[in-house]
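# Breakdown of the fold
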Amino acid sequence: MEFKHRPRLYSAEQVRELDRRAIDELGIPGYTLMQRAARASFDALRARWPAAKTIVILAGPGNNGGDGYELASIARREGMRVHLAHMGSLPTSGDALKALANWKRAGGRISEYSLIFCDQVFAGADVLVDAIFGIGMSRPVTGLAADAIGKINARRRDQGALAIDIPSGLDAVSGLVRGVAVRADITVSFIGRKLGLFVGQGPEYCGVRHFCDLGAEQVCDGRGAALAELLMPEELQLALPVRAAIAHKGNHGHVLVVGGEQGMAGAALLAARAALRCGAGLVSVATRAAHAHALIVAQPEAMFHAVEAGQEMAVLLSKASVVVLGPGLGQSDWGAALFEQCLGSDHTMVVDADALNLMSRKPPPLF
């Protein structure tokens, strides 16, 4: 089965291009996109926190802040109490200025973020909304913005946190935190899915991801570049090979884990468990004699073999389909001997942990 509609993941620059195409090719005004983004954010907020009555919105100087101003207007019309503070300068042009003007025209008030503002209104809010920095953030967060993000994160246990488009401080491509970043309960993103929400620290900081194409789905039609595609759960299920009704454990591979030096048996045990959970038919572990009996009790499905010399590996290697070399192997003479025996075989092999350190001392000809 071919999956033609895999969600595509984009860089910040690519999302800007999608935004431009939505405006130029589809004829959707930028301010209309901003209004739709604010409505999607409010709907997600209301769905997650249906009883929320008071929100605090921190808005930055760019279009992400504009989304925040527009969200403030919607929330106020819906009967919520809104405290709005700007971080940095107020917008002076573009769609963000329109959103700010709309808020003021309706009688909304705006404060400049300060420690006093935080002390006065944060404690009484049901939800804290992050509209500080968008996908263009390219430097570490410092100053009052870092303080505000820290205050949001400190209150997450008692109050909800919603990030508009991306948690402020999170890199939209790498998913790495730039100094400090908002830890959101939910993140509502728009137009195109940002790669950084799915990789690195992104999933940890985004919380539950919501996506809205803002009525511009056509711009994500495959003509533009994308950094990656998101595999769907049903696709992963179909990728697993079908097992015959009469299959037995010998039909599905034999993994040999080699490791577990004195005091490091746990690494070999975890690797064996991972192999079993991934569907290996048979799993053997070559480890120190002192560990073998205890490990059998911990994981009786696996076969643990006491190995004290490299030459004892021959029989185990002859029965294995693949080898996992290195978990807790150590770099002693014992580990080095088992390492030499395994690399001398022609097995498909995963080389990890201390096996990599041993390999760095004496790289095999293959490398």
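For the structure itself, consult the block above.
Scoring rules and cut-offs
Position numbers for residues count from 1 along each chain, tracking the sequence in the order it is written. Reporting of local features is limited, given that this is a predicted model, to residues whose pLDDT is at least 70; pairs of side-chain atoms are given and counted only at 80 or more, and all residues count toward the totals for whole chains, interfaces and linings. As a convention, hydrogens and water are excluded, and side-chain values are obtained from all of the structure's heavy atoms. Only runs of H or I of at least four residues qualify as helices and only runs of E of at least two qualify as strands under DSSP, and these elements are numbered from the N terminus. Type-normalised accessible area, obtained with a 1.4 Å probe on protein chains alone, sets the label of each residue: buried when under 20%, exposed when over 50%, and partly exposed for intermediate values. Angular values range over 0 to 180 degrees, each being the angle between N-to-C directions of two axes fitted as lines to C-alpha atoms, with helices fitted over their stretch in contact. Should an angle lie under 35 degrees it is considered roughly parallel, over 145 roughly antiparallel, and from 65 to 115 roughly perpendicular; all remaining angles are considered oblique. The criterion used for residue contact is that any of the two residues' heavy atoms lie within 4.5 Å. The classification used treats Ala, Val, Leu, Ile, Met, Phe, Trp, Tyr, Cys and Pro as nonpolar, Asp, Glu, Lys and Arg as charged, and all other residues, Gly among them, as polar. What a helix is expected to span follows from its residue count: subtract one and scale by 1.5 Å. For salt bridges, the criterion is a side-chain nitrogen of Lys or Arg within 4 Å of an Asp or Glu carboxyl oxygen. A strand pair is defined by DSSP finding two or more bridges across the two strands. Any two rings among Phe, Tyr and Trp, with Trp reduced to its six-membered ring, count as a pair given centres within 6.5 Å; such a pair is stacked if its planes are under 30 degrees apart, edge-to-face if over 60, and tilted if neither. Lysine NZ or arginine CZ positioned within 6 Å of the ring centre and within 35 degrees of the ring normal marks a charge as sitting over the ring. Looking down the strands as they point away from you, a crossover is right-handed if its path from the first strand over the helix to the second goes clockwise. The nonpolar core is taken to be a set of buried Ala, Val, Leu, Ile, Met, Phe, Trp, Tyr and Cys residues, with the residues joined through side-chain atoms within 4.5 Å.

Topologically, G150 is positioned in helix 6 (residues 143-154). Owing to a relative accessible area of 32%, G150 belongs among the partly exposed residues under this scheme.

A word on the packing of helix 12 (residues 333-343) against helix 13 (residues 354-361). The geometry of a pair of packed helices is captured by two quantities: the angle between their axes and the separation between those axes. Look at helix 12 against helix 13: their axes get within 10 Å of each other, and the N-to-C directions meet at 80 degrees. Taken together, the axes of helix 12 and helix 13 are roughly perpendicular relative to one another. Only A355, L358 and M359 of helix 13 make contact with helix 12, whose side of the interface consists of G335, A336, F339 and L343. By residue class, the composition of the contact of helix 12 with helix 13 is six nonpolar, one polar and no charged.

Next up on the list: helix 2 (residues 30-48). Since there are 3.6 residues in each turn of an α-helix, residues three or four apart along the chain are aligned in direction. When the terminal C-alpha atoms of helix 2 are compared, their 27 Å separation across 19 residues agrees well with the 27 Å that a helix rising 1.5 Å per residue should span. Taken residue by residue, helix 2 has G30, Y31, L33, M34, A37, A38, A40, S41, F42, A44 and L45 as its buried positions.

Attention now goes to the pattern of salt bridges. If you walk through the whole model with that rule in mind, you get 15 salt bridges. Across the salt bridge formed by R21 and E25, the nearest N and O atoms sit 3.3 Å from each other. The class for E25 is partly exposed, based on a relative accessible area of 43%. Here the residues in one salt-bridge network are R6, E229 and E235, joined through shared partners.

Ordered by their spatial adjacency, three strands build an open sheet running 8-1-10, and the pairing between neighbours is mixed. Lying at the two open borders of the sheet, with one neighbouring strand each, are strand 8 (193-194) and strand 10 (228-229). Bridge count between strand 1 (residues 8-10) and strand 8: two bridges; the pairing is parallel. Directly across from Y10, in strand 8, lies its bridge partner K194. Where helix 1 (residues 12-24) meets the sheet, its contacts fall on strand 1 and strand 8, and the angle it forms with strand 1 comes to roughly 105 degrees.

To continue, consider the packing of aromatic side chains. A complete count under the given rule lists one aromatic pair for this structure. On the numbers, 6.3 Å between centres and 65 degrees between planes, the contact of Y113 with F117 is edge-to-face. This pair shows no difference in class: Y113 is buried, exactly as F117 is. The ring centre of W103 lies 6.0 Å from the NZ or CZ of R76, which sits over that ring. Cation over ring: R193 sits above F211, and NZ or CZ is 4.1 Å from the ring centre.

This part takes up the pairing of strand 11 (residues 254-258). Most of strand 11 is tucked away: five of the five residues are buried. Two elements, strand 11 and strand 12 (residues 282-287), share five bridges in a ladder whose sense is parallel. Bridge pairing links V257 to V285 in strand 12. As for the winding sense of the linkage, the β-α-β connection from strand 11 through helix 9 (residues 265-277) to strand 12 is right-handed.

This part is about the environment of C212. Its place among the elements puts C212 in strand 9 (residues 208-212). Taking the relative accessible area as the measure of exposure, C212 reaches 25% and is therefore partly exposed. Among residues more than four places away in sequence, those in contact with C212 are A40, S189, F190 and I191.

What follows deals with the nonpolar core. Counting 49 residues, the largest nonpolar core has L45, I55, I57, V129, L162 and F190 as its most contacted members. Top contributing element to this core by residue count: helix 2, with nine residues. If we skip the residues at most four places from it in the chain, I55 touches L45, A75, M80, R81, V82, H83, A125 and V127. Counting 23 residues, the second-largest nonpolar core is a separate cluster that includes A85, V121, A145 and I152.

Along the chain, the position of S189 falls in strand 7 (residues 186-190). You can call S189 buried: its relative accessible area is 3%. Every residue in contact with S189, bar those within four places of it in the chain, is listed here: D165, K194, L197, H210, F211 and C212.

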